[in-house]
Amino acid sequence: QVQLVESGGGVVQAGASLKLACAASGGTFSRFAMAWFRRAPGKEQHLVAAINRNSVNTIYGESVKGRFTVSRDNAKKTVYLQMDNLKPEDTAVYYCAADVNAILYDVPTTANRYDYWGQGTQVTVSS
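Residues numbered from 1 in each chain as written. Predicted model: local features only at pLDDT ≥ 70, side-chain atom pairs only at ≥ 80, totals over all residues. Heavy atoms only, no water.

Next up on the list: the sheet that holds strand β1 (residues 3-7). With respect to topology, four strands assemble into an open sheet ordered β1-β3-β8-β7, the strand pairing being antiparallel. Sheet topology places β1 and β7 (68-73) at the edges, where each strand pairs with a single neighbour. Each strand axis lies, on average, 15° off the axis of its neighbour in the sheet, ignoring direction. As defined by bridge partners, β7 adjoins strand β8 (residues 78-83) across six bridges and the pair is classed as antiparallel. Considered in β8, the bridge of S71 is made with Y80. (Pairing = 2+ DSSP bridges. Helix = DSSP H or I, 4+ residues; strand = E, 2+ residues; numbered from the N terminus. Axes fitted to C-alpha atoms, helices over the stretch in contact; angles between N-to-C directions.)

So, about the pairing of strand β11 (residues 121-126). Burial along β11 is one-sided: T121, V123 and V125 are buried, while Q122, T124 and S126, pointing the other way, are not. Note that strand β2 (residues 10-13) and β11 share four bridges and pair parallel. Each bridged residue has a counterpart across the sheet, and for V11 the counterpart in β11 is T124. Pairing of strand β9 (residues 92-99) with β11, which is carried by three bridges, proceeds in the antiparallel orientation. (Buried < 20%, exposed > 50% of the residue type's maximum accessible area, 1.4 Å probe, protein only.)

The full count for this structure, using the stated rule, is five salt bridges. Each of R38, R67 and D90 takes part in one network of salt bridges that share partners. (Salt bridge = Lys/Arg side-chain N within 4 Å of Asp/Glu carboxyl O.)

Considered as a void within the structure, the largest pocket measures approximately 230 Å³ in volume. Looking at the lining of the largest pocket, the elements that each hand over two or more residues are β4 (33-39) and β5 (45-51). (1 Å grid on protein atoms, 1.4 Å probe; cavity = no way out; pocket = protein on both sides within 12 Å on 5 of 7 lines; lining within 4 Å. Points joined across faces, edges and corners; volume = space filled by probe spheres on them.)

Without other data, these values stay purely geometric and don't point to any function.
Take a look at the structure:
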């Protein structure tokens, strides 16, 4: 059983930065593709960023390209999301997710590819 625990959310002003972390336990983290999704109030869930098993490949949602950076530390079993130049429209609950069946260079972009999810962390950006 894989467990994912997010941290690092909070309330910030527009233009600020936050760094989210997602710590995994159970399974072999280096074999997981990892992703961050978000869900804003009243809206559908969207992919924010995803990263393959060895950090060679990353994918970003269009609205966060150039502002957010996904990274991982397989030794620490943790995936990160560095969020810079935050905007009010980034306000959402952010979830990390693990695809435990991903092949090495695969970066899944759809939620149904991910097997395990964290509980979410709230990010609120005020204008």
